[in-house]
Each structure stands twice: as structure tokens, then as C-alpha cells.
Amino acid sequence: MRRIVIVGSTGSIGTQALAVVEHSPDLEVVGLAAGSSWEPLVEQAARHGVTRIALADGDAAAQAAESWTAGDVLGGAEGLVELITGGDCDLVLNALVGSAGLGPTIATLGEGIDLALANKESLVVGGELVMALAAATGARIIPVDSEHSALHQLISSERPGAVDRIVLTASGGPFRGRTAAELRDVTREQALSHPTWEMGGKITIDSATLMNKGLELIEAHHLFGTGYDAIEVVVHPQSIIHAVVHLNDGASLAHMGYPDMRVPISYALHHPERVDVPLRALDLVELGALTFEAPDTDTFACLRLARDAARAGGTAPCVLNASNEIAVHAFLEGGLGFLDIARVIERALEELPARPVRHFSDLYEADAEARDLTRRLTEGVSA
Ligand SMILES: NC(=O)c1ccc[n+]([C@@H]2O[C@H](COP(=O)([O-])OP(=O)(O)OC[C@H]3O[C@@H](n4cnc5c(N)ncnc54)[C@H](OP(=O)(O)O)[C@@H]3O)[C@@H](O)[C@H]2O)c1
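Residues numbered from 1 in each chain as written. Predicted model: local features only at pLDDT ≥ 70, side-chain atom pairs only at ≥ 80, totals over all residues. Heavy atoms only, no water.

Asks: Before we go on, may I ask you to explain the layout of surface pockets in this structure?
Replies: Think of a ball as big as a water molecule: rolled over the atoms, this probe shows where empty space is left. Approximately 370 Å³ is the volume attributed to the second largest pocket. Met 256, Gly 257, Val 263, Val 277 and Leu 279 are, among the 17 residues lining the second largest pocket, the residues nearest its centre. Those elements that place two or more of their residues in the lining of the second largest pocket are β11 (252-256) and α12 (262-270). (1 Å grid on protein atoms, 1.4 Å probe; cavity = no way out; pocket = protein on both sides within 12 Å on 5 of 7 lines; lining within 4 Å. Points joined across faces, edges and corners; volume = space filled by probe spheres on them. Helix = DSSP H or I, 4+ residues; strand = E, 2+ residues; numbered from the N terminus.)

Asks: How do you make sense of the nonpolar core when you look at a structure like this?
Replies: Generally speaking, soluble globular proteins have nonpolar side chains that are buried together. Leu 320, Phe 338, Ile 341 and Ile 345 are the most contacted members of the largest nonpolar core, which totals 87 residues. A total of ten residues in this core trace back to one element, the largest contributor, which is helix α15 (residues 316-332). If we skip the residues at most four places from it in the chain, Ile 345 touches Met 211, Cys 302, Leu 305, Leu 320, Ser 323, Asn 324 and Ala 327. With 35 residues, the next largest nonpolar core counts Leu 55, Ala 95, Val 144 and Tyr 267 among its residues. (Core = buried A, V, L, I, M, F, W, Y, C linked by side-chain atoms within 4.5 Å. Buried < 20%, exposed > 50% of the residue type's maximum accessible area, 1.4 Å probe, protein only. Contact = heavy atoms within 4.5 Å.)

Asks: Hey, could you run me through the packing of aromatic side chains in this one?
Replies: Each aromatic ring pair is summarised here by two numbers: the centre-to-centre distance and the angle between the ring planes. Using the criterion set out here, one finds two aromatic pairs in the structure. Measuring from centroid to centroid gives 5.1 Å for Phe 175 and Phe 338, while their planes differ by 80 degrees, and the two rings are edge-to-face. Residue Phe 175 is found in the loop between β8 (163-170) and α8 (180-183), and its partner Phe 338 is found in helix α16 (residues 338-351); the two are separated by 163 residues along the sequence. On the basis of relative accessible area, Phe 175 is assigned to the buried category, the value being 1%. Note on Phe 338: relative accessible area 4%, which makes it buried. For the ring pair Phe 331 and Phe 338, a centre distance of 5.8 Å and an interplane angle of 70 degrees mean the geometry is edge-to-face. Residue Phe 331 shares its accessibility class with Phe 338, and that shared class is buried. (Phe/Tyr/Trp six-rings, centres within 6.5 Å; stacked < 30°, edge-to-face > 60°.)

Asks: Any chance you could explain the packing of helix α10 (residues 201-209) against α15 here in plain terms?
Replies: The geometry of α10 relative to α15 is characterised by a closest axis approach of 10 Å and an angle of 100 degrees between their N-to-C directions. Between α10 and α15, the angle is such that the two are roughly perpendicular. From α10, Lys 202, Ile 205 and Asp 206 reach across to α15, where they touch Asn 321, Asn 324, Glu 325, Val 328, Phe 331 and Leu 332. Its residues assigned to classes, the contact of α10 with α15 comprises four nonpolar, two polar and three charged. (Axes fitted to C-alpha atoms, helices over the stretch in contact; angles between N-to-C directions. Parallel < 35°, antiparallel > 145°, perpendicular 65-115°, else oblique. Nonpolar A, V, L, I, M, F, W, Y, C, P; charged D, E, K, R; others polar.)

Asks: What should I look at first to understand the environment of Ala 34 in this one?
Replies: In this fold, Ala 34 is placed in strand β2 (residues 27-34). Of the residues examined, Ala 34 reaches a relative accessible area of 1% and is grouped as buried. Along the backbone, Ala 34 and Gly 8 are 26 residues apart, and their C-alpha atoms lie at a distance of 4.7 Å. Other than its neighbours up to four places away in sequence, Ala 34 contacts Gly 8, Thr 10, Leu 41, Ala 54, Leu 55, Ala 56 and Leu 80.

Asks: Help me understand unusual backbone geometry in this model?
Replies: A negative phi angle characterises most non-glycine residues, just as the trans form characterises most peptide bonds. Residue Pro 272 is bonded to the preceding His 271 through a cis peptide linkage, with omega at 10 degrees. For Leu 210, which is not a glycine, the phi torsion comes out positive at approximately 75 degrees. Along the chain, Leu 210 turns up in the loop between α10 and α11 (211-224).

Asks: What exactly am I supposed to notice about the pattern of salt bridges here?
Replies: One side chain can pair with another of opposite charge once the charged atoms of both are near each other. Enumeration over the complete set of coordinates arrives at 23 salt bridges. With a shortest N-O distance of 3.1 Å, Arg 140 and Asp 114 are connected by a salt bridge. With a gap of 26 residues between them, Arg 140 in the loop between α6 (120-137) and β7 (141-143) and Asp 114 in strand β6 (residues 114-117) connect regions that are remote in the sequence. According to the relative accessible area criterion, Arg 140 is partly exposed, its value standing at 33%. Close ionic contact of Glu 325 with Arg 371 constitutes a salt bridge, the shortest N to O distance being 2.9 Å. Here Glu 325, found in helix α15, pairs with Arg 371, found in helix α17 (residues 360-382); they are 46 residues apart in sequence, far enough to count as distant. The burial state of Glu 325 is the same as that of Arg 371; both residues are buried. (Salt bridge = Lys/Arg side-chain N within 4 Å of Asp/Glu carboxyl O.)

In C-alpha cells:
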């Protein structure tokens, strides 16, 4: 029996992970955590017989502790860390959104506990230090992002040097093919209606701007040690091929499947075993045709900004990520236009040039600075 802690269990990945656990005789949940939604968290704990939960929001933790007496409630960011380090678990699923996920990632790897990682922001922000920590403690990182799960499956059996290039596919989001003029007045609701995946709000907007693919580019670089020039992004609107690897002997391997996050979640939670997931087999005849196109990085500038920040290295990806989180939040609140998201991130990257990263504290500092600056830039744009 594998004992798992799920941080971010009330979100899109978290709830799908609990559905996977319910069908698996090999998994037991021993801890659950969320940001502030204490009622759903308490319900999940009761349903899964969990006796330790944590809420990042201190007030929400206090309310949960008052109404739920069947176990321990930990509070604050340090409560999430304690949930991971103070229990006895074999695997942590990090399904938090945003750079708030970095603390739980460090705590997990620092303890030598294996990590199923959905929170791509952990690697975007702290890639070098996070990978070094995993190497030092021997903890494994199994990606949950569908493209990276695909790559993990495609690359694991290859010898070093056999992989020439990797390809991440992107659906292109709801605005694929539109011009900048057509994007000027798009609404929050339009941006939130993703054509192929059902996900949390932040990643859905990231998919519409193509920032999601930029974050995934950085994630892939750290997970697989692939140079940025050898990572290609291709738009594939059907979201059936999740990733491709081109090998040195001319063979190219693709990973295929209907877009359903239960597949990579189940893979990460059971790895190296594979278990049944109740899904219909891929019907190639019904699919008929799969199409591919180059991303439009003039219109969808976030992908270009991410590639530039990745190449600059140091604190630049951390600034990119923090600035994006603030800009997306402002867009969702109605305080920023869709195209302004890329504009404010570009300004933040210009005003906060890359600095070297020696300690995690360098990242927390750069993150705070970028958030402050982007808030000011956002207010300037919306004023
Ligand atoms: N959704 C997908 O299909 C998908 C696919 C690939 C990768 N991912 C990645 O997986 C991660 C989670 O995405 P999601 O779509 O599941 O997000 P989501 O639906 O927004 O859920 C986010 C979870 O994180 C918690 N949370 C938010 N802010 C927090 C904070 N400051 N401290 C502690 N907990 C916090 C939320 O708790 P509350 O409920 O209390 O707010 C919730 O449990 C992201 O990194 C995303 O890029 C998602």
C-alpha cells in the first residue's frame, strides 16, 4: 500500500487524483491540504478516512478546526510543510497552483520523499535548486503534466544521448488563429472556455495566452536536462499527441491518448506499476486526422517571453512566473485586458534583469519584487 499526501486536493488535479485513489486498492491517502476552501477539504477527509489536513489560510484552518474534530488541522504555509514532513508517507502529490507550490516541493524532496508533480511552477521558479535537492536526497520526481508524463514514458527507456529533440504539443487554446486585433476585447468567459481540457482557472488562462506552454518548456528542460534549443513547441488542436521525441537513429516516438488527466495522474501515483483506468481505447478511425501548426509567438507573446526568460536563466523565470500570476489574477478580476497580460510581464522582465540564484531565499526575494512591480504596472495599465 502506497501512503500518499495530496496538497491542493480541492482543485481540478486534486479532485481527479482522489477519484483515481478511490478506484485503486494500492493507494491510501494520509494527508490532504488546500488554500482556503476548508469545507470541501473536511468533506474529502471524512470520505477518505484522513486524519491530518492543512489549510494555507490561517482563518480557514481555524474554522476547520472548530467544526471538524475527527483529526488534526494544521494552518499556514508552514502547516502544509508539517503535513508533509511530520507524517509517514511514501509519495506527495503537489497539485497546488502557483509558486505557493515551491515550499511543499522543497519539503517533500528535502525529506527524500518521492514527488508526483503537477505544480509546474515549482520547477519554473526553482528548477536548478529543486533538481539538485532531488539528486541529493535520492527522491524521484514523477511529472503529472500530460506532456511531461508522456515524455517521462517516452524517454525513460532510452540511453543517454539517444534523444536528439523533444516536442511539446499545445492545443493552441480558445483563441488559436486569432489576430492581435481580434484579441483586444476578449472576455474572461471566452478565455476560460478551453477547447479540449477542463482545468483550474489560472492554467486555463495560461493556455489561452500560451504562457502555459512557456512554463512547460522550462519544466521539461529541468526534468529531462534537455537544452532549450532542442525543445520545440507545436500546436496540435486535437490534443491527442501529448509529446514526441526524435531519436538519433531517425525514429520519432509519440505518446497518444484522449485528453484526460486521470491518465497521467494514475501513472504518477502508481509508477512504476500501471493499473487499469476506466477509459475507452483510442479510436484512430474515428479521429480521422491529426493536424499540426507552428505557434504564433507574435500574437501570443507569452511563449516568446518564457523562452527568453528561460535562456536568460537565474531569477528571470521566477520573475516571469510571479509577474504572470499577478497579471492573470488581474485579468480574471477584470482589471487588465487579455493582451496586457504579456505587456506587463515584458515590462517586469525588462525592469528586473536576471540575477544569479544561489539559495532559495534569492527566489523568494525575486518573486516578491516581481509581484510588487507587476501590481504597480497593472494599476498603471487599468487606470
Ligand atoms: N488542471 C489540469 O488539468 C492541469 C493539467 C496539467 C497541470 N496542471 C497544474 O497543476 C497545478 C494545479 O492546477 P489546477 O488546475 O488543479 O488548479 P486549481 O483547480 O486552481 O486548484 C489549485 C489548488 O491549490 C490550492 N491553493 C491555491 N492557492 C494556494 C495557496 N496559496 N496555498 C495553498 N494552496 C493553494 C487550492 O485550494 P483552494 O481550493 O482552497 O483554493 C486548490 O486545492 C497547476 O500548477 C497547474 O499548472 C493542471
